[in-house]
Amino acid sequence: MPVRALGGQGLTVGAIGLGTMGMTMAYGAGDEAGGIATIRRAYELGVTLFDTAELYGLGTGSNEQLVGRALRDIRGDVVIATKFGFDMSAPQNADGYALNSRPEHIREVTENSLRHLGTDYVDVLYQHRVDPDVPIEDVAGTIGELIAEGKVRYLGLSEAGPEVIRRAHAVHPVSVLQTEYSVFERAVEADVLPVVRELGIGFVPYSPLGRGFLTGAVKPAAEYPADDMRSWDDRWQPGNYERNLTAIRELTALAATKGISVTQLALAWLLAQGDDVVPIPGTRSPQRLAENVAAADVTLTPQDLARVQEILPKGAAGSRYPEAIMPSW
Ligand SMILES: NC(=O)c1ccc[n+]([C@@H]2O[C@H](COP(=O)([O-])OP(=O)(O)OC[C@H]3O[C@@H](n4cnc5c(N)ncnc54)[C@H](OP(=O)(O)O)[C@@H]3O)[C@@H](O)[C@H]2O)c1
């Protein structure tokens, strides 16, 4: 697996990472043994960046515990990224969990993450969502203190816009920005990617497979169980679903001309956007993991990239989040 640098502070990782969210939430039930086997297979295949969050355990720490257990004996060889930013003690309402990036809360959540992960440092600590009630300078300053204390190695932001990125970076260098980006979701291209490139910040596209749509292994929203977010995701709703499926069929035909899967095409497209990009596809299966990681060896030609652009000039039909929880930059 080729290695890529994220930011200018010394962070380097395999070109494709692994997102672990789906092992405990979002896409229906996962099982711990399958999650651990997938993480171990990822490591064998050269993946070094593992992405978790306080949120993914819904306040129980379960996702970080799973990641920590899987990586315990190879801790020094891998990069663990986790995130704070929600108040998991408050009940979830229609807008999701309340935000909380107050400095004392960041410290408390970080201590919990270290305990759940079974480690004494986190490699990348991300603010999961920008908290409008806490100046980003206070957030970056607090993470800077945690870095000075050796509890954290690198500062990350998620779903931050250009102004917030600049203000945080002025207080403490931001190593990586994580935001949704894929063939389906292109919003970062206008204002966000130019800023991270100007500042030398690495970029981690999350949901790089469009929450699974870009694998082609999809069914209409009504056929997913209630604990699978694709039952309500706008891109799966009638009308949008059919339009997106047509695009997937065209992308699959393009992939076939290259002898690769549409999943690999989607990941190779992201890798082709720049060597500062490290996607973190999520899967609970060692077999699917191997398929995904093989995308690191795929080279797309300018003609391939032009054909993708022709198929999906503006990305998917349907919004990536409901209005109430759509991050605003
Ligand atoms: N910062 C944020 O706000 C944020 C938000 C969302 C996600 N994330 C991070 O990004 C990571 C990835 O995003 P994601 O998990 O939402 O979406 P994703 O990577 O775009 O897609 C995941 C879905 O694709 C399926 N899949 C993966 N590989 C496949 C393959 N080769 N063939 C068929 N199906 C395949 C998975 O199912 P199986 O598990 O059954 O394989 C899962 O349902 C998360 O795990 C999380 O770490 C961050």
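Conventions adopted
- Residues numbered from 1 in each chain as written.
- Predicted model: local features only at pLDDT ≥ 70, side-chain atom pairs only at ≥ 80, totals over all residues.
- Heavy atoms only, no water.
- Helix = DSSP H or I, 4+ residues; strand = E, 2+ residues; numbered from the N terminus.
- Expected span 1.5 Å × (residues − 1).
- Buried < 20%, exposed > 50% of the residue type's maximum accessible area, 1.4 Å probe, protein only.
- Contact = heavy atoms within 4.5 Å.
- Pairing = 2+ DSSP bridges.
- Near = heavy atom within 4 Å.
- Polar contact = N/O pair within 3.5 Å; in protein donor to acceptor, adjacent residues only side chain to side chain.
- Areas by Shrake-Rupley, 256 points an atom, 1.4 Å probe, with all protein chains shown as cover.
- Nonpolar A, V, L, I, M, F, W, Y, C, P; charged D, E, K, R; others polar.

Asker: Honestly, helix H3 (residues 103-117) in this entry has me stumped. Any pointers?
Answerer: Side chains that are three or four residues apart share a direction in an α-helix, a result of its 3.6 residues per turn. Over its 15 residues, H3 runs 21 Å from end to end, which matches the ideal 21 Å to within 8%, given 1.5 Å per residue. Taken together, the buried positions of H3 are occupied by His105, Ile106, Val109, Thr110, Ser113, Leu114, His116 and Leu117. Close packing links the buried residues of H3 with helix H2 (62-71), strand S5 (79-84), strand S6 (122-127), helix H4 (136-148) and strand S7 (152-158). Just past H3, the residue Gly118 takes up positive phi, approximately 70°.

Asker: Is there a simple way to explain the sheet that holds S7 in this structure?
Answerer: Neighbouring strands of a sheet are bound in pairs by backbone hydrogen bonds; such pairs are parallel or else antiparallel. Spatially, the seven strands line up as an open sheet ordered S3-S4-S5-S6-S7-S8-S9, and their pairing is parallel. Lying at the two open borders of the sheet, with one neighbouring strand each, are strand S3 (18-19) and strand S9 (202-206). The pairing of S3 with strand S4 (residues 49-51) spans two bridges and is classified as parallel. Directly across from Leu18, in S4, lies its bridge partner Phe50.

Asker: Before we go on, may I ask you to explain the site of the ligand in this structure?
Answerer: If you check the shell around the ligand, you find 30 residues, and the closest are Tyr27, Asp51, Leu209, Thr283 and Arg288. Between the ligand and Gln178 there is a distance of 3.0 Å, counted from a nitrogen atom to a side-chain nitrogen or oxygen. Thr283 is positioned such that a nitrogen or oxygen atom in its side chain is 2.6 Å from an oxygen atom of the ligand. Look at the ligand: alone it shows 900 Å² of surface, and the protein chains cover 94% of it. In terms of residue class, the shell around the ligand is made up of nine nonpolar, 13 polar and eight charged.

Without other data, these values stay purely geometric and don't point to any function.
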